[in-house]
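Summary of the model geometry
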Amino acid sequence: MTMDRYVITGKQALSGAIRVSGAKNASLPLLTATLLAEGTSVLFDVPQLADVTHMIEVLEHLGCQARNQNEAVLIDAGSLREWVVDEELMRRMRASNLILGPILARHRRVKIAMPGGCAIGSRPMDQHLKGLKDLGVQVKEKHGYIEAWTDGLQGADIYLDVPSVGATENIMMAAVLAKGTTLVHNAAREPEIVDLQNFLNKMGAKVRGAGMDVLRIDGVESLHPAEHTVIPDRIEAGTHMIAGVMTQGDVLVENVIPEHLEPVIAKLRQAGANIEVYDDSIRVRQRGKIKGVDIKTLPYPGFPTDMQPQFMAMLAIAEGTSVITETIFENRFQHVDELRRLGAQIRVDGRTAVIRGVETLEGAFVEATDLRAGAALFLAALAAEEATVLEKVAHIDRGYENLEEKYRRLGARLRRVVPNNKEA
Ligand code: EPZ
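For the structure given in this document, a descriptive report is provided here. (Residues numbered from 1 in each chain as written. Predicted model: local features only at pLDDT ≥ 70, side-chain atom pairs only at ≥ 80, totals over all residues. Heavy atoms only, no water.)

1. Concerning the overall build of the protein
Operational definition: Runs of H or I in DSSP of at least four residues are treated as helices and runs of E of at least two as strands, each being numbered from the N terminus. Throughout, radius of gyration means the C-alpha value; the globule benchmark is 2.2 Å times the number of residues raised to the power 0.38. Each residue is placed in one exposure class: buried if its accessible area under a 1.4 Å probe, protein chains only, is under 20% of its type's maximum, exposed if it is over 50%, and partly exposed if it falls in between. Here, residues are in contact when the closest pair of their heavy atoms is within 4.5 Å. Method for areas: the Shrake-Rupley scheme with a 1.4 Å probe, in which residue coverage is limited to the protein chains shown.
Of the regular secondary structure elements, the protein holds 14 helices and 24 strands. Its C-alpha atoms give the protein a radius of gyration of 22 Å, near enough to 22 Å, the size a compact globule of 424 residues would have. Seen through its C-alpha atoms, the protein measures out along the principal axes to roughly 65 × 45 × 45 Å. Evaluated residue by residue, the protein yields a buried proportion of 57% over its 424 residues. Within the protein, contacts between residues separated by at least 24 positions form 72% of all contacts whose residues are at least 6 apart in sequence. Here the protein displays about 16,500 Å² of accessible surface, and carbon together with sulfur accounts for 46% of that area.

Written as structure tokens, this is what we have:
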């Protein structure tokens, strides 16, 4: 983890156009889905992010050939030679657990170090394992490893206790090569699940119902490589919209699928933000302060937990009081202490945070604790008086491509400083 930091001078109204990159949380399962077929799949618009680089390293560790060609990532999964992902790889890339489904479908045996928790929560995998067991997989968990094997995947009726995104994706990628039909009830409905369904079907799979709460997968004999363009990143888009609101700027967010942002647009409008929605872009022209609103994070199509920290930064300078309830992760208020250092008035009680809006935030030394907490502090710094030093921006690099370049083009005054104090 590099110790780069940002120095940001706030109170600069941002204006101009900013283009959203491909979705991190669609790219990661799409990359592991390439394991399902011999030959070379091509993914366009995969963002150049630390998490994506790490996932490609995991695929290469398994024996894939990966290469970049212009704007595309090519993955040749023809000659897999490894089925074990150790702690070191797992620690760097917890989403490596998304290889379980495809490797079991392709090779019937897999072993991964338990991914362990992260800053925002314990991140259990019980729903992943429950679904895989229903499909005829045997699982042994010991010495911090999950070992799974099967004599052959059988279609099943699976009921998820929680609509887990990762569990839904692992089950989909196993069931596509199972014998018979699989139904997944209470499946996650995120747009990234729909994107995975579309890619799997291009590979010859028979998946229907993504985006609804029952998924149907009719198993097939084998899959072939395919080409696919990753959907735009709705969380990156939402983050840029909030930047426009907080700096009272005029920001055109391009390469957007507006329907993926409906809960975010609705909440912003309820707060009094001026949002103009076009076919594949959204314009934020903010004049005047926004009002406090209450938020409760829920599985899609509810308000996304990945936008909660960024919204909290915005509500910290709203008129009035707001209440945020985080129902998805048990520890996703790490950004509160850092926002307080910038002058925010926030009180936390369990999974609820009460935010009393203040006139303005004041620059300070703060640090990113996780990806979206880092994004929230980045936004707060853009709106704060004077300068803010934001440490540990490597957390932000995991989920936002070319952030400094994109924001400089909007007129933001920021620079990236590497530890030996040379400017990046
Ligand atoms: C995905 O994580 C995203 N990551 C997360 O984005 C996102 O916050 C999350 O979905 C929810 O939308 C990727 O797609 C790579 P879950 P995932 O399984 O799949 C509980 C970001 O900032 N649960 O839907 O791990 C779990 O504890 C990241 O980009 C179980 O109980 O999320 C949590 O409370 C952060 N058992 C809830 O479900 C399980 O087996 C949602 O988790 C799995 C999950």
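2. Some remarks on the pairing of strand β11 (residues 181–185)
Look at any regular strand and the pattern is simple: side chains alternate between the two faces of the sheet. Using the following cut-off: Any two strands between which DSSP finds at least two bridges are classified as paired. Convention used here: a crossover is right-handed provided that the path from the first strand, over the helix, to the second strand proceeds clockwise when the strands point away from the viewer.
When strand β10 (residues 157–159) meets β11, the two strands line up parallel, connected through three bridges. Bridging across to β11, Ile158 finds its partner in Val184. Remark: the β10/helix α6 (residues 165–175)/β11 crossover connection has right-handed handedness. Bridge count for β11 against strand β13 (residues 214–218) is five bridges, and the pairing is antiparallel. Looking at β13, one finds that Thr182 is bridged to Ile217.

3. Notes on helix α7 (residues 191–202)
Spelled out, the test is: Here, expected helix span is obtained from the residue count minus one, scaled by 1.5 Å.
Its 12 residues give α7 an end-to-end C-alpha distance of 17 Å, which sits within 8% of 16 Å, the value for a rise of 1.5 Å per residue. Downstream of α7 by one or two residues, Gly204 has phi in the positive range, about 105°.

4. A short note on the sheet that holds strand β1 (residues 5–9)
Note the threshold: To obtain each axis, a line is fitted to C-alpha atoms, and for helices this fit is confined to the stretch in contact; angles are then taken between N-to-C directions over 0 to 180 degrees.
One open sheet holds the four strands; their spatial order is β22-β23-β1-β24, and the pairing between them is mixed. Both outer strands of the open sheet, β22 (365–367) and β24 (413–417), are each paired with one neighbouring strand and no more. Neighbour to neighbour, the strand axes of the sheet diverge by 20° on average, direction disregarded.

5. Quick look at unusual backbone geometry
Phi is mostly negative for residues that are not glycine, and the peptide bonds are mostly trans. Following Tyr300, the chain continues to Pro301 via a peptide bond in cis, the omega torsion being 10°. Tracing the chain through its elements places Pro301 in the loop between β18 (295–296) and α10 (308–315). Unusually for a residue other than glycine, Glu386 sits at a positive phi of about 55°. In this structure, Glu386 sits in the loop between α12 (371–383) and β23 (387–391). At Asn402, a position not held by glycine, the phi torsion is positive, near 55°. With respect to the helices and strands, Asn402 occurs in the loop between α13 (394–397) and α14 (403–408). Assessed through its relative accessible area of 41%, Asn402 is described here as partly exposed.

6. Here's the deal with the sheet that holds β18
Strand order in the open sheet formed by four strands is β18-β19-β21-β20, with mixed pairing between adjacent strands. In this open sheet, the two edge strands, each paired with only one partner strand, are β18 and β20 (345–349). Its contacts with the sheet put α10 on β18, β19 (321–325), β20 and β21 (352–356), and the angle it makes with β19 is roughly 170°.

7. Observations regarding the pattern of salt bridges
Rules: A carboxyl oxygen of Asp or Glu within 4 Å of a side-chain nitrogen of Lys or Arg is what we treat as a salt bridge.
One pass over the structure, following the stated rule, counts 23 salt bridges. Linking Arg92 and Glu57 is a salt bridge whose minimum nitrogen-to-oxygen distance equals 2.9 Å. Here Arg92, found in helix α3 (residues 87–92), pairs with Glu57, found in helix α2 (residues 50–62); they are 35 residues apart in sequence, far enough to count as distant. Arg92 sits in the partly exposed class, given a relative accessible area of 34%. When its relative accessible area of 29% is taken as the criterion, Glu57 is described as partly exposed. Note that Glu405 and Arg409 form a salt bridge whose closest N and O atoms lie 2.9 Å from each other. In this structure, a network of salt bridges that share partners links the residues Asp4, Asp397, Glu404 and Arg416.

8. Quick look at the site of the ligand
Heads up, the rule is: Proximity criterion: a residue is near a molecule or strand once any of its heavy atoms comes within 4 Å of it. Counted as a polar contact is a pair of N or O atoms within 3.5 Å, where, for protein atoms, one must be capable of donating a hydrogen and the other of accepting one, and residues adjacent in sequence contribute only when both atoms are in side chains. Throughout, the ten residues Ala, Val, Leu, Ile, Met, Phe, Trp, Tyr, Cys and Pro are labelled nonpolar, Asp, Glu, Lys and Arg are labelled charged, and all others, Gly among them, are labelled polar.
The environment of the ligand is made up of 21 residues, and the closest members are Gln127, Ser164, Val165, Asp306 and Ile328. With respect to the ligand, the side chain of Lys24 contributes an N or O atom lying 2.9 Å from an oxygen atom. With respect to the ligand, the side chain of Asp306 contributes an N or O atom lying 2.6 Å from an oxygen atom. Protein burial of the ligand: of its 830 Å² of free accessible surface, 84% is covered by the chains. Every element with two or more residues in the shell around the ligand is listed here: α1 (24–33), α5 (126–134), α6 and α12. Its residues assigned to classes, the shell around the ligand shows nine nonpolar, six polar and six charged.

9. Overview of the packing of aromatic side chains
Any aromatic ring pair is given by two values, namely how distant the centres are and how the planes are angled relative to each other. Quick reminder of the rule: The rule is short: rings of Phe, Tyr and Trp, with Trp giving its six-membered ring, pair when the centres are within 6.5 Å, and they are stacked under 30 degrees, edge-to-face over 60, tilted in between. We call a charge positioned above a ring when the Lys NZ or Arg CZ atom is no farther than 6 Å from the ring centre and deviates by at most 35 degrees from the ring normal.
Throughout the structure, instances matching the rule amount to three aromatic pairs. Taking the centre distance of 4.8 Å and the plane angle of 85° together, the rings of Phe303 and Phe311 count as edge-to-face. Seen in terms of ring centroids, Phe378 and Tyr407 are 5.0 Å apart; in terms of plane orientation they differ by 85°. Their pairing is edge-to-face. Remark: Tyr407 occurs in helix α14 and Phe378 occurs in helix α12; sequence separation between them is 29 residues. Of the two residues, Phe378 and Tyr407, neither departs from the other in class, the shared state being buried. Each member of the aromatic cluster is reached from another via a ring pair, and the members are Tyr6, Phe378 and Tyr407. A cation sits over an aromatic face here: Lys111 above Tyr145, 5.0 Å from the ring centre.

So yeah, pure geometry; function would need other evidence.
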